Amino acid sequence: MKNEDMLMHVRGVSRFVDDIPVPGCLHAVLFTSPVARGKILSLDAAKAAAAPGVAAVYTHKDVPGLNQVGHISKDQPLLAVDSVEYIGQPIALVVAESQRAARKALKLIEVDIEPLEAVFSPREAAAKGLIHGKRRERVTGDPAAAFARCKYIAQGSLYSGPQEHFYFETQRALAVPSEHDSIKVYASAQSPGAFHHHLAEVLGIPMHKVELDIRRLGGAFGGKESTAVWIVAPAMAAFLLKRPVKLFLSRNEDISTTGKRHAYEYDYRLGLDADGKILAYEIELYQHAGACADISPAVFGRSFLHVNGSYNIPNLRVGGVICKTNIPPNNAFRGFGVPQGTFSIEAALTHAAALMGVLPEELKRRNLLRDGDTLPYGVKMEQVNAVRCWDALDKQAGIGARRRAVAEYNRTHTSTKKGMAVQPVCFGISFAQTALNQASSLVNLYVDGSVSVSTGAVEMGQGVNAKIRIVAARTLGVPLERVRVDTTNTSRIPNASPTSASTGADLNGMATKYACERLRGRLVGFAAERFKTDSASVEIRDGEVLVSGKPAGLSWDQLAKAAQWARVDLSEHAFYATPSLHYDVETEMGRPFAYYSYGASLTEVLLDCVRGTYTIESADVIQDVGESLSPEIDLGQVQGAVVQAMGWATMEQLRYGSDGRMLTGASAYKIPDIKFVPKHFEVTLLKDSSNPYAICNSKAVGEPPFIHGIGAYMALADALRAYRKDDGPLPPLPLTPERVFMYLHGKEGK
Amino acid sequence: MLNFILNNETVRTGEKPGMVLLEFIRDVKCLSGTKEACREGECGACTVLVGRRRADGSVAYRACASCLLPVGDVDGCHVVTVEGLAGNELTLVQRLIVEHSASQCGFCTPGIVLSLTGFCLGARKLAYEAALDALDGNICRCTGYAAIRNAARALCDKLAKVKAAPAGRLEGLVSACVVPGYFRDIPDRLAQLPGAPEAAGKDAVLVAGGTDLFVQKPEQLLESELSFLSRRDDLNYVKEDGEALRVGGAVTIEEFRLSEPVKKHFPSLEGDFLLHSSAILRNKATLTGNVVNASPIGDAAIILLALDARLVIAAPGGKKREVPLSRFFLGYKKTDLACGELVSEIIIPLLPEGARYNFEKVSNRTTLDIAAVNSAMLLTPGPDGSIADLRVSAGGVGPVPLLLEGMDAFKGRRPGEETAEAVSVIAAAGVRPIDDIRGSAEYKKLLLGQLVLAHFSGEAV
């Protein structure tokens, strides 16, 4: 079952925010801080306000309600008041007849900022006590005693870099004021509920006067989940000017002022016995959060819960801090901290394998999670598919044979080397914040038999609407084309959780299933009465009413019409909350996830040791998606996540100046292109997997396959070590051609 | 007034010639299928087709980034956006993208549709590898490309029977539902458009491909009078005169790369220039433009320096002078080109007997990226196999594209490993790169040394 939105995408008729025609629309542009940290001494916008075409220039003094868009903590003003904390922090909002006029006027704003000392290193921030919230730590078992029993100990420091989302549709919103101080906002946003709330707070009006409507996003990947600035700002202008206002960021504004995947630094110590069994692990995380907390604490929590990766670690000490530095606040990005948590254990294990003189895949296989193992936060594992995925991969790709071929290649080649890595995946599914695991669905049946479904899920290319449509059609017993999934709208579905954590289909699909079951039940009951039989004898299948398995001569459309005339309610709302979830942040114990998604992959690279360049030659991927609602969609999700993660692991690099300015723009930030993708790229969905904990026995697929991309880094590291024997900690991620080259030919390499 | 055909509509507009086509399409014509996602030609979301009449009256279609294409430059052309493709039925390209689930969020999809359609119309051979070349400027952040590759492969399979050269292919493509039937009438309709606008004044800004200019200063160009090199049919040629290749000032990188004389005399340039930029930029960017913009890292300059190219510079009155490229670059972004002058021709001497030419480029991403360091070498052996002449160029390691000095010292040496090492050391020692977003100074210095070794090793990876 395909994503039917594609039929519109290929014609260019699918509508994004900037495609909505609005006569008389004004354009808003943000004036942002040129200084990483400082005190605002004066701000003069008079010249800008008088510039041609300018309708207004707003500062914090003009905010009608609460000047605050902080997501978790109230630490982020919409417009700076008397100080700035990062380059790119909004100070004023210019509204004009055209974006061009607004941009010209920006240059007329005069601001005097006294620079203060800024911090850009997370470790330095941690040392100075500049952290968001407080340090977290959990000790499981007795690491100290276990380390004493270890034959091998791998110890070192690691780094993983930031990643820019590069969603194609930059941050944008359109706000249209309406009667009685109400407003409708069309936005490219993943969090209808939270942004709805921010809008009302900043405008100083009750939420029932704000309608947030979301048709689809041109990509998001987490980057449109938590930071409300670019949605609230145009809404404020529209609200004050009583005219439609839109704001959209240019690509370079988006790159330089929006949040990224968090960079992390790590200190680790991993201990193993003589057989390569992990006995103990200590890991300290330094998360580079930026100036405001934004959603960083939640991302950190995910890293914290995934430091064991796919492995059984009986004795563990995990700790870490969320470092407050003077860069734009980082936010969610596909994987939400799990890639970083997983990266550290993968790198530590690979380091240990070098010390022991064994293959990394041997160590990994030996320590994979199995049924009955207990996770560090107390969950006893069942239905673990880690080994199944690994074995399916072995069958598809032949791990041992591939390793032998790589070794043979390296024995016979000097100026090129090959490297490979096997990457297991274990990814907890649910919002780690238990409260967010709720969703509702509104199903409306019309008298012509067409069905409209509204949920809190946001379509951003991941196909959640297509999946919800499948669930509704299947449950109601009608052909797919009778069902349409409507926009995500806060007037139809209030207080919706973000579409993130890979839970969009799980939560909203389940709510839709409940609503459809109840609606179908009512219609079946009505039909039973009409045919003078019991409900158990009535079925609805393919849009036909069957009685005792035989067509009753009543179509779905006729049934809808008749039921409405008989005063049967054709609308149904249902709610779903994932059962049995709990987590105690004091004890750091609980059951935060409903279930786990598994996978395994083999990545192989070819390294050019003369030039320091490389090619990812192949990727074989097994992904456990349970009983897929749509194999086409799920395959696409896996392929997309793997390649996006390969970008994070290899070429995607952001550089900041010593003053905290983002130096990398669209012309330098390179993400994978069609020629980067491995020639051999085979993704297989794990066969015969089921999952009682999610909709129609499926499993979440958005984020878990991102983990496979770590394999590209590990395979490169493997090739580097075929060139130069090295049993130290692994180099920083990403392994850009420059880093690779310097490893091979820099001082360290000589 | 500008006259052109947009999809199936004849357009007559008084908009400023410097307005980029993307803005015209979206804001003036309210066609929202063409997407803006970077405005620097880096992503391909705004790809459109520009059809220009060939000498034989047929129309040559090229996929271009509409964000860098001034509307004045499409005067007399047929511009095709996604709205100009499908009627009630999807086109073949659209159908295959859907069949292979090669679209997720959909924001890049119209651009991919146009690039693949442009490939069908313009590629010399409808082969899978060429389809990938055509898609090398269409970035997709969602799909991971596997499905797009499958759609491209299926497209080539479906069109396996279309053997005609691009100029005679239209009928076959209409019947294969690649383009709608109205395309048949376009050549005649273009012929009926009013003639080109009056020549620009002498102070007009000369626009070659515009793919760099419109990234650097679009707002300034919007207000400027512009003169378009693409209208200079007299400068659109690649020919050979027995001693050298002569390349007209209006020739695009893609035309140059795929031209018969280049294939014959410099076969490796076809691949080297594939690394220059993406298809949607190569279709517009010119060889001369890439030299004149004087970027210290320009691929064309580096290649042509090693090949000992000369520039023919024409003054406004038509008077011409010839300058060796090695003396053209005077300082950072400064050249020996006076106001009003233009490079009308590039002369590339044919390779001497037995000469070895090699180009190396290392960038963060292999395709569509600016090099950290690029370098080319031309080694001419004497009758005994020793070095008679050695030219090594290097980009990204100084304020201008450099022709490295000190190479004369190697005349008479055997071009073996020892010489390679010595050249490498001299090359790296002679440059003063700086730290920037393309890499650290130390990296670039060391990398140049390695690339020189690669020149000699002849080992291509």
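Computed from a predicted model, the values in this text were never measured in an experiment.

Definitions and cut-offs
Residues numbered from 1 in each chain as written. Chains lettered and ligands numbered in written order. Predicted model: local features only at pLDDT ≥ 70, side-chain atom pairs only at ≥ 80, totals over all residues. Heavy atoms only, no water. Helix = DSSP H or I, 4+ residues; strand = E, 2+ residues; numbered from the N terminus. Rg over C-alpha atoms; globule rule 2.2 N^0.38 Å. Buried < 20%, exposed > 50% of the residue type's maximum accessible area, 1.4 Å probe, protein only. Areas by Shrake-Rupley, 256 points an atom, 1.4 Å probe, with all protein chains shown as cover. Lys, Arg positive; Asp, Glu negative; His and termini not counted. Charge placed at Lys NZ, Arg CZ, Asp CG, Glu CD. Contact = heavy atoms within 4.5 Å. 1 Å grid on protein atoms, 1.4 Å probe; cavity = no way out; pocket = protein on both sides within 12 Å on 5 of 7 lines; lining within 4 Å. Points joined across faces, edges and corners; volume = space filled by probe spheres on them. Nonpolar A, V, L, I, M, F, W, Y, C, P; charged D, E, K, R; others polar. Salt bridge = Lys/Arg side-chain N within 4 Å of Asp/Glu carboxyl O. Buried area = accessible area lost by both parts, 1.4 Å probe. Disulfide = S-S within 2.5 Å. Patch = residues over 30% accessible without salt bridge, like charges linked within 9 Å, V, L, I, M, F, W, Y side chains within 5 Å. Pairing = 2+ DSSP bridges. Axes fitted to C-alpha atoms, helices over the stretch in contact; angles between N-to-C directions. Parallel < 35°, antiparallel > 145°, perpendicular 65-115°, else oblique. Left-handed = near helix turned anticlockwise from the far one by under 90°. Phe/Tyr/Trp six-rings, centres within 6.5 Å; stacked < 30°, edge-to-face > 60°. Core = buried A, V, L, I, M, F, W, Y, C linked by side-chain atoms within 4.5 Å. pLDDT = per-residue confidence, 0-100.

Asker: Requested: an account of the overall build of chain B, with residues and values cited.
Answerer: The secondary structure content of chain B amounts to 17 helices and 18 strands. The C-alpha radius of gyration computed for chain B amounts to 23 Å, which stays within 12% of the reference 23 Å derived for 461 residues, consistent with globular compactness. When the backbone C-alpha atoms are referred to their principal axes, chain B occupies close to 70 × 50 × 45 Å. For chain B, buried positions account for 61% of its 461 residues. Per element, the accessible surface of chain B, about 17400 Å² overall, is 51% carbon and sulfur. The distance from the centre of the 51 positive side-chain charges to the centre of the 56 negative ones in chain B is 2 Å.

Asker: Any chance you could break down the overall build of chain A for me, citing the residues and the numbers?
Answerer: When helices and strands are counted, chain A shows 19 helices and 29 strands. Scaling as 2.2 N^0.38, a compact globule of 750 residues should have a C-alpha radius of gyration of about 27 Å, and chain A matches this with 27 Å. Each principal axis of the C-alpha distribution contributes one length, and for chain A these read about 80 × 75 × 50 Å. Considering chain A as a whole, with its 750 residues, one finds that 66% of them fall into the buried category. By sequence separation, contacts in chain A at least 24 residues apart represent 79% of the contacts at least 6 residues apart. When the accessible surface of chain A is summed, it comes to about 25000 Å², and 52% of that surface belongs to carbon and sulfur atoms. Chain A carries 82 positive and 79 negative side-chain charges, and their two centres are separated by 3 Å.

Asker: Run through the environment of A:Ala505, naming residues and quoting values.
Answerer: Residue and element names in this part refer to chain A. Assignment of secondary structure puts Ala505 in helix α15 (residues 504-530). A relative accessible area of 16% means that Ala505 is categorised as buried. The sequence separation of Ala505 and His413 amounts to 92 residues, and the corresponding C-alpha distance is 48 Å. With residues up to four places along the chain from it excluded, the contact list for Ala505 reads Val464, Lys467, Met510 and Ile695.

Asker: How would you sum up empty space enclosed by the protein? Please name residues and give values.
Answerer: Per the counting criterion, the structure on display carries 13 cavities of 30 Å³ or more. One number sums up the size of the largest cavity: a volume of about 440 Å³. Taken together, 31 residues make up the lining of the largest cavity; nearest its centre are A:Gln462, A:Ser502, A:Gln637, A:Gly702 and A:Glu703. When contributions to the lining of the largest cavity are tallied by element, the ones reaching two or more residues are α14 (464-476), α15 and α17 (631-649) of chain A. In terms of residue count, α15(A) provides more of the lining of the largest cavity than any other element does, 3 residues in total. A breakdown of the residues in the lining of the largest cavity according to their chemical character gives 12 nonpolar, 12 polar and 7 charged. Lining the second largest cavity are 17 residues, and of these A:Gln653, A:Arg655, B:Asn364, B:Ile437 and B:Arg438 sit closest to its centre. Listed by contribution, the elements that provide at least two residues to the lining of the second largest cavity are α19 (737-745) of chain A together with β16 (371-381) of chain B.

Asker: So what about the pattern of salt bridges? Which residues, and what values?
Answerer: Per the counting criterion, the structure on display carries 83 salt bridges over all chains. Ionic pairing is found between B:Glu219 and A:Arg100, a salt bridge with its closest N-O pair at 2.7 Å. Linking B:Glu219 in helix α9 (residues 218-222) with A:Arg100 in helix α3 (residues 99-106), this pair reaches from one chain into another. What makes A:Arg100 partly exposed here is its relative accessible area of 26%. With its nearest N and O atoms 2.8 Å apart, the salt bridge here joins A:Arg402 to A:Glu604. Of this pair, A:Arg402 sits in helix α13 (residues 399-412) while A:Glu604 sits in strand β27 (residues 595-608), and the two are 202 residues apart along the sequence. Summarising the burial analysis for this pair, A:Arg402 and A:Glu604 share the class buried.

Asker: So what about the interface of chain B and chain A? Which residues, and what values?
Answerer: With 73 residues of chain B in contact, the opposing surface of chain A contributes 72 residues. Here chain B meets chain A over a buried area of about 6100 Å², counting both sides, of which 55% is carbon and sulfur. It is B:Arg141, B:Asn364 and B:Ile437 that lose the most area in chain B upon contact with chain A, and together they represent 14% of the buried surface on that side. Put simply, chain B and chain A have 13 salt bridges between them.

Asker: Outline the state of the cysteines, supporting the account with residue identities and numerical values.
Answerer: Residue and element names in this part refer to chain A. The final tally for this structure, using the stated rule, is 0 disulfides over all chains. Cys389 provides the cysteine sulfur closest to Cys426, a residue in no disulfide bond, and the two sulfurs are 10.0 Å apart. A relative accessible area of 6% means that Cys426 is categorised as buried.

Asker: Account for a positive patch on the surface, with residues named and values stated.
Answerer: Among the surface-exposed residues, B:Arg124, B:Lys125, B:Lys163 and B:Lys263 lie close enough to one another that they form a single positively charged patch. Mapped onto the elements of the fold, B:Arg124 is located in the loop between α3 (109-122) and α4 (128-134).

Asker: Before we move on, could you go through the pairing of strand β23 (residues 550-555) of chain A and cite the residues and values that matter?
Answerer: The two faces of the sheet receive side chains in turn, since in a regular strand these alternate between them. Residue and element names in this part refer to chain A. As defined by bridge partners, strand β22 (residues 544-547) adjoins β23 across 4 bridges and the pair is classed as antiparallel. Paired with Val545 across the two strands is Leu554, which belongs to β23. As consecutive antiparallel partners, β22 and β23 are separated by 2 residues, and within that stretch Ser548 has a phi angle of approximately 50°, a positive value.

Asker: Outline the packing of helix α12 (residues 386-397) of chain A against α13(A), supporting the account with residue identities and numerical values.
Answerer: Residue and element names in this part refer to chain A. Contact geometry of α12 with α13 gives a least axis separation of 7 Å together with a crossing angle of 55°. In terms of orientation, α12 and α13 fall into the oblique class. Of α13, the residues touching α12 (which contributes Trp390, Leu393, Asp394 and Ala397) are Ile399, Gly400 and Arg402. When the residues that make up the contact of α12 with α13 are grouped by side-chain class, the tally is 4 nonpolar, 1 polar and 2 charged.

Asker: For the packing of helix α10 (residues 338-356) of chain A against helix α11 (residues 360-367) of chain A, give the residues involved together with the corresponding values.
Answerer: Residue and element names in this part refer to chain A. Taken N-terminus to C-terminus, the directions of α10 and α11 make an angle of 120°; their axes are 8 Å apart at the nearest point. In terms of orientation, α10 and α11 fall into the oblique class. Where α10 crosses over α11, the two elements pack in a sense that is right-handed. Residues Glu346, Leu349, Thr350, Ala352, Ala353 and Met356 of α10 form the contact with α11, whose own contacting residues are Pro360, Leu363 and Lys364. Classifying every residue of the contact of α10 with α11 by side-chain character gives 6 nonpolar, 1 polar and 2 charged.

Asker: Can you break down the packing of aromatic side chains residue by residue, with the values?
Answerer: All names here are of chain A. One pass over the structure, following the stated rule, counts 17 aromatic pairs over all chains. Seen in terms of ring centroids, Tyr264 and Tyr266 are 5.9 Å apart; in terms of plane orientation they differ by 20°. Their pairing is stacked. Tyr266 sits in the buried class, given a relative accessible area of 0%. On the basis of an interplanar angle of 80° and a centroid distance of 5.1 Å, the ring pair of Phe343 and Tyr713 is categorised as edge-to-face. Of the two residues, Phe343 is situated in helix α10 and Tyr713 in helix α18 (residues 710-723); the sequence distance between them amounts to 370 residues. Through a chain of ring-to-ring contacts, the aromatic side chains of Tyr264, Tyr266, Phe343 and Tyr713 assemble into a single cluster.

Asker: Any chance you could break down the environment of B:Leu307 for me, citing the residues and the numbers?
Answerer: Residue and element names in this part refer to chain B. Among the secondary structure elements, Leu307 is positioned in the loop between α15 (299-306) and β10 (310-314). Distance in space between the C-alpha atoms of Leu307 and Ala86 is 46 Å, their sequence separation being 221 residues. Beyond its immediate sequence surroundings of up to four residues, Leu307 is in contact with Phe266, Leu269, Ile348, Pro349, Leu351, Tyr357 and Leu378.

Asker: Tell me about the sheet that holds strand β8 (residues 238-240) of chain B, and please be specific about residues and values.
Answerer: Residue and element names in this part refer to chain B. Reading across the sheet, the 5 strands line up as β8-β9-β14-β10-β11 and stay open at both edges, with antiparallel pairing between neighbours. Across the chains shown, the open sheet's two edge strands, defined by having one partner strand only, are β8 and β11 (320-324). Shown here is a sheet whose adjacent strand axes are inclined to one another by a mean of 25°, direction ignored. Relative to β11, β10 is paired through 5 bridges, and the arrangement is antiparallel. Paired with Leu311 across the strands is Val323, a residue of β11.

Asker: So, the nonpolar core: which residues are in play, and what are the values?
Answerer: Ranked by internal contacts, the top residues of the largest apolar core, which has 198 residues, are A:Tyr281, A:Phe343 and B:Phe119. Other than its neighbours up to four places away in sequence, A:Phe343 contacts A:Leu158, A:Tyr159, A:Ser160, A:Tyr266, A:Trp648, A:Ile710, A:Tyr713, A:Met714 and A:Leu733.

Asker: So what about the confidence of the model for chain B? Which residues, and what values?
Answerer: Should the pLDDT be low somewhere, the predicted coordinates at that spot are not to be read in detail. Mean pLDDT for chain B: 96, with 99% of residues reaching 70 or above. Both scores are available for the predicted complex, with the pTM at 0.98 and the ipTM at 0.97.

Asker: Outline the environment of B:Pro17, listing residues and values.
Answerer: Residues and elements named next belong to chain B. Mapped onto the secondary structure, Pro17 falls in the loop between β2 (9-13) and α1 (21-28). Of the residues examined, Pro17 reaches a relative accessible area of 32% and is grouped as partly exposed. Remark: the alpha-carbon pair of Pro17 and Glu225, spanning 208 residues in sequence, is separated by 7.7 Å. For Pro17, the residues in contact, after removing those within four places along its chain, are Leu2, Pro70, Val71, Gly72, Leu226 and Phe228.

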